[in-house]
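The residues making up each chain are set out below.
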Amino acid sequence: DTGVSQDPRHKITKRGQNVTFRCDPISEHNRLYWYRQTLGQGPEFLTYFQNEAQLEKSRLLSDRFSAERPKGSFSTLEIQRTEQGDSAMYLCASSTGRATNEKLFFGSGTQLSVL
Amino acid sequence: DAKTTQPPSMDCAEGRAANLPCNHSTISGNEYVYWYRQIHSQGPQYIIHGLKNNETNEMASLIITEDRKSSTLILPHATLRDTAVYYCIAHSPFASGGSYIPTFGRGTSLIVHP
């Protein structure tokens, strides 16, 4: 257990539905990352928060995707009007942001299947 | 972040040392080398990191060449539970130019066999 929890672990939805995932980082970590991973690929960066501020977004993050981190605590990732291509593992990671020790702590991920 | 290159797959006999190479020839002076591993259906797990000195912890050793253009992760006595995908990334949280996102490639799939 890394201390980063994600909910739900699995989500099955029909195309066109909206889904929301939650990530609870380690409490003292001020950085939070979202990644997406498909079979056989490494994690692909989606977006990143420094406390409550969303500082960077990948081109992968279309306008159907939105992420929030209210009050710099937990974060949510919402996908609107899901498509079959959104099927993937969605990973959350947190870190302290220290220059000499920026190791990431990952959650177990949310596996999304869009039918 | 510097681009890293790893072999797609390796295998190792149980009990032997596993040496996983990584090339990061464009690494900048303030970027650390981090290693993670991912066991099927789980999130990546941090293993070790270093800047220019060799590092060792309870999981592995990290050897970084003097020019910092490559590194090797060493699992001294591999077990079946070390079968996983291993990722090497070069990263600084404060890299100039604004690109400071930890970027993962496809990693090396290590299979430890009996």
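The preceding data block contains the structure.
What counts, and at which threshold
Residues numbered from 1 in each chain as written. Chains lettered and ligands numbered in written order. Predicted model: local features only at pLDDT ≥ 70, side-chain atom pairs only at ≥ 80, totals over all residues. Heavy atoms only, no water. Disulfide = S-S within 2.5 Å. Helix = DSSP H or I, 4+ residues; strand = E, 2+ residues; numbered from the N terminus. Buried < 20%, exposed > 50% of the residue type's maximum accessible area, 1.4 Å probe, protein only. Contact = heavy atoms within 4.5 Å. Buried area = accessible area lost by both parts, 1.4 Å probe. Salt bridge = Lys/Arg side-chain N within 4 Å of Asp/Glu carboxyl O. Polar contact = N/O pair within 3.5 Å; in protein donor to acceptor, adjacent residues only side chain to side chain. Nonpolar A, V, L, I, M, F, W, Y, C, P; charged D, E, K, R; others polar.

(A) Layout of the state of the cysteines. All names here are of chain A. One pass over the structure, following the stated rule, counts two disulfides over all chains. Covalent S-S linkage joins Cys-23 and Cys-92, the inter-sulfur distance amounting to 1.8 Å. Given an S-S torsion of about -65 degrees, the disulfide between Cys-23 and Cys-92 has left-handed geometry. Here Cys-92 lies in strand β9 (residues 88–95) and Cys-23 lies in strand β3 (residues 19–24), a separation of 69 residues in the sequence. For the pair formed by Cys-23 and Cys-92, the shared burial category is buried.

(B) Examining the interface of chain A and chain B more closely. Of the residues lining the interface, 26 residues belong to chain A; the matching set on chain B comes to 21 residues. Overall, the association of chain A and chain B removes approximately 1900 Å² of surface from exposure, summing both partners, and the carbon and sulfur fraction of that is 56%. Applying the counting rule to chain A against chain B returns zero salt bridges. Here chain A and chain B share six residue pairs in polar contact (both at pLDDT 80 or more) between them. Only β4 (31–37), β5 (44–50), β6 (53–57) and β9 of chain A provide two or more residues apiece to the side of chain A that touches chain B. Tallying contributions element by element places β4 of chain A first for the side of chain A that touches chain B, with four residues. Considering only residue class, the side of chain A that touches chain B consists of eleven nonpolar, nine polar and six charged.

(C) Examining the pattern of salt bridges more closely. Inspection of every chain in the model, using the stated rule, returns five salt bridges over all chains. Taking the shortest distance from any N to any O, the salt bridge between Arg-64 of chain A and Asp-86 of chain A comes out at 2.8 Å. Of this pair, Arg-64 of chain A sits in the loop between β6 and β7 (65–68) while Asp-86 of chain A sits in the loop between β8 (75–79) and β9, placing them 22 residues apart in sequence. When sorted by exposure, Arg-64 of chain A lands in the same class as Asp-86 of chain A, which is buried. Put simply, Arg-37 of chain B and Asp-82 of chain B hold a salt bridge, and the shortest N to O gap is 2.8 Å. Of this pair, Arg-37 of chain B sits in strand β3 (residues 32–38) while Asp-82 of chain B sits in the loop between β7 (70–75) and β8 (84–91), placing them 45 residues apart in sequence. This pair shows no difference in class: Arg-37 of chain B is buried, exactly as Asp-82 of chain B is. Taken together, the shared-partner salt bridges in this structure form one network comprising Arg-64, Glu-83 and Asp-86 of chain A.

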